Each structure stands twice: as C-alpha cells, then as structure tokens.
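# Coordinates in review
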Amino acid sequence: MSDFLSIGASAVNVYRQAIATTSNNIANVNTEGYSKQGVNVGESYPTQIASYFIGTGSTVNSIQRSYDEFVERSLRDSASDLQATTPFIEYTNRIVDIMGSETANLTNAIEAFFNASRSLSVDPGSIPLRNEVVSSGQALASRFNTLSTQIDAVGTESRDRLGAALEEVNNLAGQLLSINKQLGRNSEKSKQPPQLMDQRDLILRKLSGLSTIGVTESSNGQVSVNFGGAGRGFEIVTSSGVREIAMVSDSADPTGDVQLVIDPRGSKQPLPLLSGGEVGGLLTFRNEVAKVARDGLDHIAVQFANKVNEVHRQGFDLNGDFGQDFFRITPSYSINSEAVSGTFSVDVKVVDQTDLPTDPTKMMYRESTQSWLVYTDSQLHPEAELSVANNFSFRGLALSISGTPEDADTIILSPKNRAADTFTMELRDPRRVAASEPMTLMPAPANSSDVSAALSYLLPSERSSGFDSGARFSQLVPNLSSNTNLSLTTSSVRPAIVIDANTSAPTLVFDIGPNSDQQVQVLTAESVHLAGTVITGSEAAQLVASDAGFNAGAAYNSEYLNQTGSNAYLDTAVRLGAIGKTITEVVPEIDSASGDLLSRQIQLPPAISSKVVPSYTNSSGSEVTLIDAGDLTLNGQSLGALTLPSTEALSAAKISAWLKSEISASGQTGLVVNAKTDILVAGIDATQTLEINDVSIDYDVYADMTEMLTAINAVSGQTGVRAEWDSETAFRLTNAAGFEGENIVLGGTDSVTALNLSTGSYSGRLVVTGEVGEEVALTLGAGQPSDLGQIGFYTGVYVDKPLNEELAVFVTGTGSVGSAISGRAANVDQSSVAQLPASPYKLTFTSDDIYTITDTATDTVVSKRLFEFGVPIEYRGTSISFSEKPKKGDEFSVSANASPGGNNKNILALIEWSKRPIISGQTFSEAYLDLVSGVGSRSSMSELQREALQVVYDQAYNTREESSGVNLDDEAANLIRFQQAYQAAAQVIQAAQKSFDTLLQIR
Amino acid sequence: MKISTAQFFSNSITQMQRQQTKVAQLQTQLGTGSQLVNPSDDASKASTINRLNSAIERQSVFSASLDAVESRLGIEEVALRSVNDLMQRVSQLTISAASDTLTAIDRKIVAAEIEGIRDELFNLANTQDFSGHYIFAGSKSTEPAFIKDEYNRVTYNGDYASMKVGVSENRDMTINNIGARVFSYVNRDPSSATFGASFTSNEIGGSPSPPAEWVVSSAQHVSGGVIAGFSSPEDDIYPEESLGTDDPTVSSSNFATSITNNGYGTDEHALTMNTTATLDPYGIVRGPVLVAAEAKNISVGDRVSLSYKVPTNSDSADVMVYLLNTKTGESQPVVNNTLTADDTWHEIDISVEVYGDYKLVIVGGAYDADGNGEVNVNVQIGEVRVERPGEYQRADYFQVLDELLSDLGANDGDAIRKRLDEVGDLVDNNSIALSETAGRSATIASQKMVLEESQLRLRMMLSGEKDIDYSIAVTELSKEALALEALQASFAKISQLSLFDYIR
C-alpha cells in the first residue's frame, strides 16, 4: 500500500543504512586492504491503481564493495615484479661492497704480492726482502679466505631469508584456506560478506609480494592459487586444501643450489625456478650473483695457485734446490649417501686441483656392468664408467670405494670447502723462495768470438711433444706391470712402439721367424741409433723422417749403435736379443728355531728359453750354413757358424750341441744348455697306426692310454722316445735319456696317427741357464733377428737403465709381427739433478753451421744438429739464443746453477705473470675487477628495473585506490547528502503524522 | 582522478623518505670527502678506483727499485773510474819503460809500481755493493768475481748472466756489467809459436841431432819414478809400472837421436829417440827425455798437437808427453800411453788450460817384457805444433799485465813495446764499460722523472674519481635540502585540509 508513512519509513531506513555505510567507510579509512563500500538504493516495487502506478518508496538493494578484479590482478602482478628486485638489489650490493671494498679487495693483495716480488728482484739474495714476499703471500691467502667467508655469510643469510619467505607463503596459504572455507558457506559472490572478501584480497596481495601467483576466482568468491603464475599447475591453495612449499638444498655449501619442492612430506615434486616476488628475487640472486661470484673467486684462486706454483717449482732457491709449492689448495668434499642400501664407504682424494667439479656430482652404481655412472646436473660422464669398478678418477678426484654397493645406490658428492676457503701458504722459509734460475750458461774461455748467449726455459707445455705415432708403452701396459700381447704391422716410416721416458726395465719381445726380413731398430728423438742393424743413409733418412716425431734438424748418428758399457749412449746399453737376468724373489718361510714367519730373498739363476725350434730339413744337396760366424753373441763372446749337413733336419739337440761347443771354446763356464722335446697326448685312437722315429709301435686296437704308454716305452731304446704321465688323462712323449732335444717324428699309414696328432716331425726347445748373479745374453752381433728366429729364440729389446727420454722402436720389413711387452714406470728421481730442465750438457760448434750437444755426465753426444742463426736452440727444457753467429770451435756449457744467491731470473718470470692474460684473456687483477664490475652492473641494472617497476606499481596502486580507496572529503560530502535525505525523509514521516492527526480530528 | 586519503598520505611519506635519503647520502659524501660511499653505489667506479690505486702502488715500488739500482750503478761508476785512472797510469809507465834509454833497474822500478797497481785492480774487480754482493760477477754475486790461484794467476769466477730489473710497467733494464767484459781480453795476431824450431827445417843427415833448442837428457835407468837432471813432476803421472825386486844394474846403455824423413804428414820429418840397455835383473828403462825450448805467451785455449809412434824395431814402449809451465812448475799431461811396436801413428790434440810460458817434455821408456835383460826402445815424434783457434789469440786482462811485468823484469824492450798497444786496448775496454754504466745512470735519472710524472697523473685521476668537489656537493645539498623543506611544508599545509572542518 503506498501510503506516504511507509514511504517515509522506508526512506528513513534506507538513509540510515546509507549513513551507517558512509560512517563505516570513514571508520575504515586507514584499514589496510579496505575497499570502499557503497549503498545501492533502488526503488521499491510500485503499486498499481487503476491505470497508473504509484511508487512505494526505496530499498537498499545491496551494499556494494567497490572492487575491480582486473585492477587487483594488475596490482598483484606489478607487486610481484617490484618485490623481486628489492632483496636482489640488497644482497647484490652487499656482495659488491664485500668484493669491491677499496682496502679489503683481492686486487690489493695480489698486487702487494707481486710488488714484494718486484722489490726482491732487485736484490734477490736479501733475506728481509724474501720475508716480505712470504708475508705478502700469507696476506694474500688470508684475503682469499676472508672474502670467501664473507660471501658465504651473505649466501647463508639469503638462504635463511628464503626459508622465512617460504614459511610466510605457507602461513598465508593456511589463512587463505580458512577464508575459502568460510566463503564456501555462500554460493554467490554478491552475497559474501565484504569484510571476508577484503581479507581474501589482502592475503592475495601479500602472497603476490612473496612470489608470482595465478589466482582463479570461482563464482562464489573462493580462490585457488597457482604458485609460479597462472596456468602452471602447482596449486598451493584450493577451495578445500593447501599444499606446502619447502626448500631443499643438495649441498652444505652456503651458495649451493637450492631447489623448491611442493608437498615435501608427500609426493615431493620439484618446482621449476620462478622469478617473481621476494622468493624469486632471492633465487635469482643465489643463482645469478652469489654462485657466479663464488665460482669466479674460486676459479681465480685455483688458477693463481697453480700458475705461481708452476713457475716457482722451476726455479732454484738459496739452497740450490728446486722450489716447492708456494700455495696449496685443499678442497674437501662431503658425501651425501642417503639413497644407499648397500654397505660401503667412499674415500675421496684430490689429485689434480686444476679441474675440480664445483657442482654436486651424483654417482650411481650399476650392478649389471659393475661400474659407477657419474652425473653432474643429470649429464652423464661416460669416461668415468670405463674405469675399474670401485676405484676410479673423475675430473681431478680419485675415488675409492670399499664394501659392497647395491644396484642403483646413489651418492652425491658436493664441495664442502671451496678453493678460496682452503687457499693457504705452503712455503714458510724465506730461503726457499725460488728466485734463481736452475741452470747457468757459460761460454768456454777459449771461445774465439764474444758471442753472448741467453738461456731461457721451456714450460713442460712448450716442449716438443715427442713421437706422435706408434703405440705408447705406457698406454699398452696400463699399470705397467703385466704382460700384454699384441700384433704389430711393420713399417719403415713409423715407429711400432714408443718407449716412454723413465720406464724401468722395459721389455719388448718380438716373434721374428727364421725366414723373415724383419729388423728391429731403436732410435732416440735426436736420430741417434742405439740398437739394431747397420743401415744405409737412405734407410736412415726414411726412419728419421721428421713427421714421426724426430727432431728435424738432428743428423743421424750411428756412433752409439749396439755399444755397451761406458761406450754406450748415456752409459746405458740397449741390446737386441734374448736376455735373461738373475731374478731376486722374496719367499716366506718359517724359521725353524723361533717359528716366526720370515721373508727370505732367494736368487734364481738367469735363463733364456726358446720356443719350439723351427723345423727345417736340408734338402739342398750340400752343407748349409744357417747362421754365419759372428752373427750372434753369447755373453759377449762371438759365436761361430751353425751349419747343417745335407739331408739332416734341424733339431733342438743340434743347436744345443752347437751352443755347448761354442761355450766351451770360448772358455765360459757357468752357462748350461738344455734341450728337450715334449709332445702332449690328450687322447688316443687305437684304430690308427703309430710309428715313432720310423719304429712301429705294437698295440691292440682296443688299447687304452695306459697300454699305449706301455707300448711306447717298450721300444724306447730303439726310438729314443719315452712316454710319461702328465696328468690323469694325458701323457707326454719326451726324449729318452741320451736323446735330449732330438726331433720326434710321428708316422703312420694315415695322416693322423693313433695319438690324435698328425704325422710329422716335432722339434723341441732350448733353455740356456747362467750363474746366479750374472746374466745370459744371446744378442745380435753382426746378424739379424731372423738368425735368432732360426734357433727358436725371440728378439727382444732390453734397456739397461731408465732413460730420461723417449725411444722409438721400429720394426721394418714385411708382414706383421707378434710381440709381448712388459715393464714398469721407474720411480721418478727426485734429486735436483734429475729434475733439471735438461741434464747438464755442452754445446760445441764443430763447424760454423753444425753443432753437437754432449751430455756432460757420460760424455755422450746426444745430438748433432744443423744450426740456424735466429732460431733458438731447444734441447729438452732449455732454450738458447745467440746475439751473433757463433764460430767453429765455440763451446758453451749448461749446468746446474751452483750459486743461486744473486740470480733473479725466476722471480722475474713470476712477475711476468702479473701482466700476462691467464684467465679468459685477462690478468689476475683484471679478472677479479671484472667479476666485481659484473656483479655491480647486475645491481645497477636491477636498480633501473626497480625504478621502472616502481612507476608501474604506483600506477596500479593509484588506480586501485582511485576505485576502491576511501576519500574523506568524498565521504564527508556523502554524509551531508545522506543526512539531508534522512532529515527530509524524517520530515515525510512528520508530514504523514500531521496528516493522520488531521484525519483523526475530523468530527 | 580521485585520490584516496590513504593514498595521499602514503605518497607524500614516500616522497619525503626519498628526499631524505638523498640528503643523507650527500651529507655522508661531504663528511667522508669521497664520492663513493659504498662500492655498491657505483661498482664500475669502484673498480676504476681500485685499478688506479694498484697502479699508484706499483709506481712507488718501481721508484724504490730505481733508487736501489741508482745506488748500485753509483758504486759501479766509482769503481770503473778508479780502474780507468789506474790504467791510464799503467799506460804512462809503459810508455816511459818502452824507451830503451831505461836500464834494467829502472824497468824493475816501473815493474814494482805496476805490480802494486795490478793488485789494486784485482781488488777493484772484486768490488762489493752494500749488501756484500760482488757487482762484477754476473749473477753469481755471492762469490768473488775474480780469483787468484796459488801462482797469482787471475781467472774470472763469475758467470755471464745479465741481471735485469723491471723499472717500469713495460721496461726491464740490465744493471750489471759482466766482469769478463769489463776486464776483457785483447786480441793478438796469431803467430804460431812452435816449441823451438820445427823438425822440417832440419836437413836429413846434415844434422842428425834434434834442433839445438831441444834439450836431450840421457837415458836413465829407474825402478822408481824419478828422472835425474830435471825438476821432476809428480811420480803418479808416469804410467803404471811393475817393479823388479831390486834396483837393476845396468851393464851397458846407448842413446841416440836422429831426424828421419818419414814424418806424419807429407814432407814432414820425424825425430827418433833410441835407447838400448842391458839390465840385470829386469826392470824399466826411461829415456830419453826430450825437452823442447820454451814457447812463450801461450794463452788459454791454444791447441798443442803432435803425433807419435813406436816403429817395429822396438820393444813395446811407454810414451809420455806433458807441458811444463816454466814459472810455476805445473804440468799438464798431453800423452800417457803404452804402445806396441806396431808402427802406427797416433795423434793427440789438447787445449792449454792455463796461460803462461811452457816447455814440452817427451819421455819414452820400456819394460823388459821378455825378461831377457835387454831393452831396446824407439820412439818417433812427428811435428809438434802450437795453434791458435780462430782468427786471433786471446790474451786475458790480467794475463797481459802479468806478461808486461815479466817483460819488464826480463828487460825485453821489443816485448814491452808490443805490450804497449795491448795496454791501450785494455784502457779502451774500460772506457767502454764506464760509458755504458754512465749511460745507464742517465737512463735511470730520466726514468725517475717519467715515473714521477706518471705518479702525479695517476694521483690526479684518482682524485677525480674519488674525491668530491666540495662546491658542487654543497650546492647539491642545499638544493635537495630545499626540496625536502618544500615537501614537508606543503605536506603540513595540505594534510590540514578536510571537508569536515567546514561541516558544522
């Protein structure tokens, strides 16, 4: 009913609510996240009277919260971007402050070290100046350590802050869930209490400050939040539940990788990296700044230590010894063995500090191949897999595993102490600063010209690389203590095998047959022919073609060919032949008196043994000379000729007889020759026939082995052949007494005899034994390897003492040759003399253009070369250059520096490295300053970004405030408006009252 | 555009904060006097400042090095000047002594003075610097540069390395003079000295004896190792001998020499020495001993070569040849060989180790191998030569002075005049070294100036990067302070405005 009383009443009601809303707005002017509420007044439904409508007043349709979803979203997004820059800039600036400090930076310390070295170079013998160098080195080490610790502190702090931020995220997610639940009671957004919605938006805004989020609003106002951005699928809040976010790090390293995971106690899924919000800013800082700074500092530390050590070790200190290591880096690794089910322990050792892994390394055991797979960042390193199981090396680390790992066991190695942390000073004694050069160059006083020569040194990386073809000894015999058999092809141009320097007792044995034309030649890189047969000039030129690794300027020298004793090259004889030496063995035995276990050394006499003597029958019609007189030498004595009369066959017995007569003729006692023929019979076929040495053997067709044996032995007097049991199932045919070494000829009616062996002549072997303490050496005199093959012996190459250079072993001729090799690496002589860049030598100009290099200790001419003025003479690790052309007769000797007190060459070499580019084309100082500038420029870029993002954020904020913020003036005006309306409505009621009174007063 | 109340307040506060930060920053700059408060304010400027600091530090190290080098060069210069003065005096004295009007006594007086000067020169050659290093010894500076042996002969004991020192970023300087070059050798014309006249000049048959300058001593019978009539070298340079039980008695002996024409080379002659003797019991015969006349002024490195053989009509013979220094009695072995009578020539060629005047001593001997009590020794010597390798003979510094002294003592006018030229050469060498050192000092002085300039320049650059310009900074400060004031005042004013004030 449209009476104006109720209209007035409704209006009063409406405006009372409006005033209440306005005063609510005023009351909440400073409430965070409050959105202005407005009253939505609507007209009430009119009443229809006849043909017209009459209004019934107004109602409050709704109290509307002014909220713009899109403005909110843009505000959240810009907040994420802006908030990401704050922690990034803050922490990056701290790193720059640490590293770039004017007084405490690394460059100062490095420069101080080099400056101390410069002062020392003026007076290298001075002990106070040397002390300066040592203390500046210590200051440098502690500077590295300090910088490293400080950067680590920032890393730790950023990680803690990251943890706190993630806690906060989880907190807010929990709060949002409870709001979601409350919102769930209503099914329409418009019916939701605005205060709840405001709270929801506030939480979302806070979350967006922490990380980028994607928000999906449902129809009733509930939200689900995606961590990392819209559409990325990692929901942390839904209408019904939350999922936690946590941080895991693989290593104990403060600046190491951290990984975000969702649902850490449940399915534990890793999250990809995100870049927004505080969390994103911290992650970016850790990955792009902290890690980079840390790795950069470590890299400088490693390179610096290695280079200084390398140069320092090349010089002499005041005591005349080679310099020791100056600095030392000892990084350690922590072993994370969570995912293992077997029981084993891992030991990690650093062997090469130039190539250490800085990222965590994962190792997984694979049972099927009994090897470990090594991964870094899920990248597999195949080379580690090939190593021997449980003991392998990977990038500068030597790992040994003891115990039994099970399939798929995984261990993670991560660096615990980084290089810059563990950088210490190794050298303490100022006398041991190696300022001097290790060798001196003295011209002989009788030199006709006053040529000045300068001596410099080649780093190991600058020396000539040696032979580049030919299988290397050290590669063929990996741990150099076991035999290896291989087949080699002959070549007169490429060496078959290269014996590495410092190999002790290398033995190469070649199986060269009696009719082969193969020759063995052994040469040094300076074309000095050490062992082999005499060759012509053109053959020599072929061998020493320079692309096989020979020094191009060196002339072929056969002066030391097959020499022994002090006439040999560097007093070390290289011999070809079959050589046996006395073997010393240690045998355990029980002492009869005390019962203790002792080790006794016994010496076994030297011996050489042949293979089966080649079978050869002289059918030429006249006597044949198999080996000429003088071809072979036994223990230094030349052997006479070996002849074979016509129609006779060569046998071990004949060779043995020949050797015996030669031995007695030369008056050598103590050499004993034994010959023996041996045939193994593993099974018999008694249905076949058998003749031994033309004597037919009688047996039954059902005979077994025992009966066969008896039958053979029955006629051993006639055949000269005996049979004896070798094992339970096999017997041997061997010579009877008096017939040692004679051939055993098997015959029969068929080609296969009853012994399951084919018909033919079987020859025997020889063994020559010598006296304990001596050796047996059957060497080539004027002969060739085929002469040794003629009597069944292998041709071996034997080097008496380890040589400090490589030897090329050629096998020339046709075909391929089988070989066996053994040897071991010699212990590297640690004495100063052996470590010199080159053994002391003399350079003599035999003519104006030809010079010889003579080893001073043994008076051996190691090289004869052509001289080219202007090109420095390089020998081993030394390099000599002349100011003018020397003349014939000039001599220069290079020897160890006996008075290193006044020499400053090595400290000058060290100072050079302050100027030379070493790290990616920059000097040490430059590389560090570059690192600092790099970090600094990241920071300033971020600053610029922040300014821009700030503007965007301000814009979004202003837009939001514009639409949802409370303006007091606005509210004041509204207040007046609604108050007036209220008053007016009150007047309407009064008017209705008055009308009613008037109505009531009618009589 | 509407501005909510909260927004207005927060904007104003933010602006004021920003302005205050700026003011505070300027204040810190003014307080510390440097543009860069934290390295993080401007990382590349921080790097530049570090670089400049390093460069300045380096320059000061170079400066210190230059000072050290300067003082050392000073010592060198003083020493070299003294050497120069002394050598001038020697030159004067030699000129006066060259004149034949002086008597032997006068020359001896001159020799005495020159001997004193020589010792003084030796001391100067071993000059040490403040730290006790011998400055003329190359890099072997812990040991004296020159040493004297027991016969007062001087040899160079240092090495030939030049000591370099870095004096600026890109420049190394050699700071030492090598003693062997300061006190360097002179070159002499090679006129081969032979030990007396050669055999070739002797006519065969005309004079069957060796040249008169050769002294022959008769055969000696020894069972020990001493030869009479001659100052003996040590026993142990004789070949090994196995002795008879007693000294043998010699019943007869004969000794002869002759010149034959079957020398080693074509047209060369040979000198044969022959000894026969009868002994009872067996023993060793030594002889003859042949001593060549003195060859004077042999230098280090001169080569003595000769050939020898034992012809078939002789027992196996020991042949021994050595060089005998006439002044000191030292001997240098040349040959020490036992030969069978195989009539093959052996050659030997050695290099003389110490300078001086030498005689060549040749000894042949034999052992009664077959024990028949008779010995017949025949040794033939081919031409004996002394040769100078290379174009010139080198005579070392102190060798020249020593020879001058001995020539003065021997009153040999011609020789003294030859020495005069050589002394002149020595003086020239000294002058060269002196001027080199003076040149180095000059370089050091100019390098120091350059260094000072560059230090100044670097300091200025550093100041430009690092120090603030106070006038600019103060102006900035007042500007920013003014802006802050304005902000604060306007905030105070505007925040007061509210509609509520006007609603009664």
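Owing to the predicted nature of the structure, the values given are computational and were not obtained by experimental measurement.

## Looking at the overall build of chain A
Secondary structure summary: chain A contains 17 helices and 55 strands in total. In terms of overall dimensions, chain A is more spread out than a globule: its C-alpha atoms have a radius of gyration of 48 Å, far above the 30 Å expected for 1003 residues. The C-alpha extent of chain A, read off along each of the three principal axes, is 180 × 95 × 65 Å. Looking at chain A as a whole, 48% of its 1003 residues are labelled buried.

## Examining the overall build of chain B
The secondary structure content of chain B amounts to seven helices and 19 strands. Taking all 504 residues of chain B together, the buried fraction comes to 47%. In chain B, the proportion of contacts linking residues at least 24 apart, taken out of those at least 6 apart, comes to 75%. Only carbon and sulfur atoms are counted for the fraction: they give 51% of the accessible area of chain B, which is about 23,600 Å².

## Side note on the sheet that holds strand β45 (residues 765–769) of chain A
Residues and elements named next belong to chain A. Here three strands make up an open sheet; going across it, the order is β32-β45-β37 and the pairing antiparallel. Of all the strands in the sheet, just β32 (607–609) and β37 (672–676) have a single pairing partner and so form its edges. Sheet twist, expressed as the average angle between the axes of neighbouring strands with direction ignored, equals 15°. In this structure, β37 lies alongside β45, joined through five bridges in antiparallel fashion. Paired with A675 across the strands is L766, a residue of β45. Running at roughly 175° to β37, helix α10 (residues 652–666) makes contact with β37 and β45 of the sheet.

## A few points about unusual backbone geometry
All names here are of chain A. Even without being a glycine, D571 presents a positive backbone phi close to 55°. Looking at the secondary structure, you find D571 in the loop between α9 (537–543) and β29 (574–581). A relative accessible area of 29% means that D571 is categorised as partly exposed. With phi around 55°, D859 is a residue other than glycine that occupies positive phi space. Take D859: it is sitting in the loop between β51 (850–855) and β52 (860–866).

## Focus: the interface of chain A and chain B
With 63 residues of chain A in contact, the opposing surface of chain B contributes 56 residues. When the area that chain A buries against chain B is broken down by residue, the three leading residues are E102, V122 and E962 of chain A, summing to 12%. Between chain A and chain B we count three salt bridges in total. Linking E926 of chain A and R51 of chain B is a salt bridge whose minimum nitrogen-to-oxygen distance equals 2.9 Å. Per-element tally for the side of chain A that touches chain B: the top contributor is helix α16 (residues 924–964) of chain A, with eleven residues. A breakdown of the residues in the side of chain A that touches chain B according to their chemical character gives 21 nonpolar, 25 polar and 17 charged.

## Digging into the side chain of N906 of chain A
Residues and elements named next belong to chain A. By the element assignment, N906 lies in helix α15 (residues 905–912). At 3.0 Å, the side chain of N906 and the backbone oxygen of A434 are in polar contact. Not counting residues up to four positions away in its chain, the partners in contact with N906 are V311, H312, Q314, G315, A434, A435, S436 and E437.

## Structural notes on the confidence of the model for chain B
Residues and elements named next belong to chain B. Mean pLDDT over chain B works out to 81, with 82% of the residues at or above the 70 mark. Element-level mean pLDDT values for chain B span from 44 in strand β7 (residues 220–222) up to 93 in helix α7 (residues 470–496). This stretch, residues 219–246, has a pLDDT under 50; its non-local contacts, to residues over four places away or in other chains, come to 52 contacts. ipTM for the predicted complex: 0.79, alongside a pTM of 0.78.

## Re the nonpolar core
Residues and elements named next belong to chain A. Within the largest apolar cluster, 86 residues are counted, with the highest numbers of intra-cluster contacts made by F113, F304 and F327. Per element, the largest residue contribution to this core is 17 residues, and it comes from helix α4 (residues 127–183). With residues near it in sequence (within four places) discarded, F304 still touches I110, F113, F114, L140, F327, F423 and F924. Core analysis: the next-biggest nonpolar cluster, separate from the first, contains 76 residues, L639, L836, F845 and Y875 among them.

## Considerations on the pattern of salt bridges
Throughout the structure, instances matching the rule amount to 67 salt bridges over all chains. Across the pair D100 of chain B and R417 of chain B runs a salt bridge, and its minimum N-O distance is 3.2 Å. Of this pair, D100 of chain B sits in the loop between α2 (43–98) and α3 (104–125) while R417 of chain B sits in helix α6 (residues 413–466), placing them 317 residues apart in sequence. The exposed category is assigned to D100 of chain B, whose relative accessible area is 52%. The closest approach of N and O atoms between R419 of chain B and E403 of chain B, which form a salt bridge, is 3.9 Å. Of this pair, R419 of chain B sits in helix α6 while E403 of chain B sits in helix α5 (residues 397–410), placing them 16 residues apart in sequence. Taken together, the salt bridges that share partners define one network made up of D152, K291, R294, D295, D298, R418 and D421 of chain A.

## Digging into the packing of helix α5 (residues 194–210) of chain A against helix α6 (residues 277–312) of chain A
Residues and elements named next belong to chain A. For the pair α5 and α6, the least separation of the axes is 3 Å and the interaxial angle reads 5°. Taken together, the axis directions place α5 and α6 in an arrangement best described as roughly parallel. Of the residues in α6, those in contact with S208, G209 and L210 of α5 are G277, E278, V279 and G280. Among the residues making up the contact of α5 with α6, the classes are represented as two nonpolar, four polar and one charged.

## Digging into the pairing of strand β54 (residues 878–882) of chain A
All names here are of chain A. The element β54 is extensively covered by neighbouring structure, given that four of its five residues are classed as buried. Here five bridges tie strand β22 (residues 453–457) to β54, and the two strands are oriented antiparallel to one another. The residue of β54 that forms the bridge with A454 is S881. Pairing geometry for strand β53 (residues 873–875) and β54, over three bridges, is antiparallel. Among the inter-strand pairings, I873 is bridged to a residue of β54, identified as I880.

## As for the packing of aromatic side chains
Residues and elements named next belong to chain A. In this structure the tally under the stated criterion is 37 aromatic pairs over all chains. Here the aromatic rings of F867 and F882 are separated by 5.7 Å at their centres, their planes lie at 85°, and the arrangement is edge-to-face. Note that F867 is positioned in the loop between β52 and β53 and F882 in strand β54, a separation of 15 residues in sequence. Owing to a relative accessible area of 7%, F867 belongs among the buried residues under this scheme. One aromatic cluster is present, built from ring pairs that chain together F113, F114, F144, F304, F326, F327, F423 and F924. Between R65 and the ring centre of Y67, over which it is positioned, the NZ or CZ distance is 4.5 Å.

## Some words on the sheet that holds strand β6 (residues 223–227) of chain A
Residues and elements named next belong to chain A. Reading across from one edge, β5-β6-β7 is the order of the three strands in this open sheet, with antiparallel pairing throughout. Every other strand in the sheet has two partners, leaving β5 (213–217) and β7 (235–237) as the edge strands with one partner each. Put simply, the sheet's adjacent strands are angled 35° from each other on average, direction ignored. Bridging between β5 and β6 involves five bridges; their strand directions are antiparallel. Looking across to β6, one finds that E217 is bridged to V223. α5 contacts β5 and β6 of the sheet and is inclined by roughly 160° relative to β5.

## Section: the side chain of T572 of chain A
Residues and elements named next belong to chain A. Position of T572 relative to the elements: it lies in the loop between α9 and β29. On the basis of relative accessibility, which here comes to 4%, the residue T572 falls in the buried class. Sequence-distant contacts of T572, defined by excluding residues within four places in its chain, comprise V799, D800, K801 and L803.

## Comments concerning the packing of α2 of chain B against α6 of chain B
Residues and elements named next belong to chain B. Relative orientation of the contacting elements α2 and α6 amounts to 160°, with a least axis distance of 7 Å. Relative to α6, α2 is oriented roughly antiparallel. The crossing of α2 and α6 is left-handed.

## Overview of α10 of chain A
Residues and elements named next belong to chain A. Under the 1.5 Å per step criterion, the end-to-end length of α10 is 21 Å for 15 residues, consistent within 8% with the ideal 21 Å. A652, A653, I655, S656, W658, L659, E662 and I663 are the residues of α10 that are buried. In the segment just after α10, G667 is the residue with positive phi, at about 80°.

How each quantity is defined
Residues numbered from 1 in each chain as written. Chains lettered and ligands numbered in written order. Predicted model: local features only at pLDDT ≥ 70, side-chain atom pairs only at ≥ 80, totals over all residues. Heavy atoms only, no water. Helix = DSSP H or I, 4+ residues; strand = E, 2+ residues; numbered from the N terminus. Rg over C-alpha atoms; globule rule 2.2 N^0.38 Å. Buried < 20%, exposed > 50% of the residue type's maximum accessible area, 1.4 Å probe, protein only. Contact = heavy atoms within 4.5 Å. Areas by Shrake-Rupley, 256 points an atom, 1.4 Å probe, with all protein chains shown as cover. Pairing = 2+ DSSP bridges. Axes fitted to C-alpha atoms, helices over the stretch in contact; angles between N-to-C directions. Buried area = accessible area lost by both parts, 1.4 Å probe. Salt bridge = Lys/Arg side-chain N within 4 Å of Asp/Glu carboxyl O. Nonpolar A, V, L, I, M, F, W, Y, C, P; charged D, E, K, R; others polar. Polar contact = N/O pair within 3.5 Å; in protein donor to acceptor, adjacent residues only side chain to side chain. pLDDT = per-residue confidence, 0-100. Core = buried A, V, L, I, M, F, W, Y, C linked by side-chain atoms within 4.5 Å. Parallel < 35°, antiparallel > 145°, perpendicular 65-115°, else oblique. Phe/Tyr/Trp six-rings, centres within 6.5 Å; stacked < 30°, edge-to-face > 60°. Lys NZ or Arg CZ within 6 Å of the ring centre and 35° of its normal. Left-handed = near helix turned anticlockwise from the far one by under 90°. Expected span 1.5 Å × (residues − 1).

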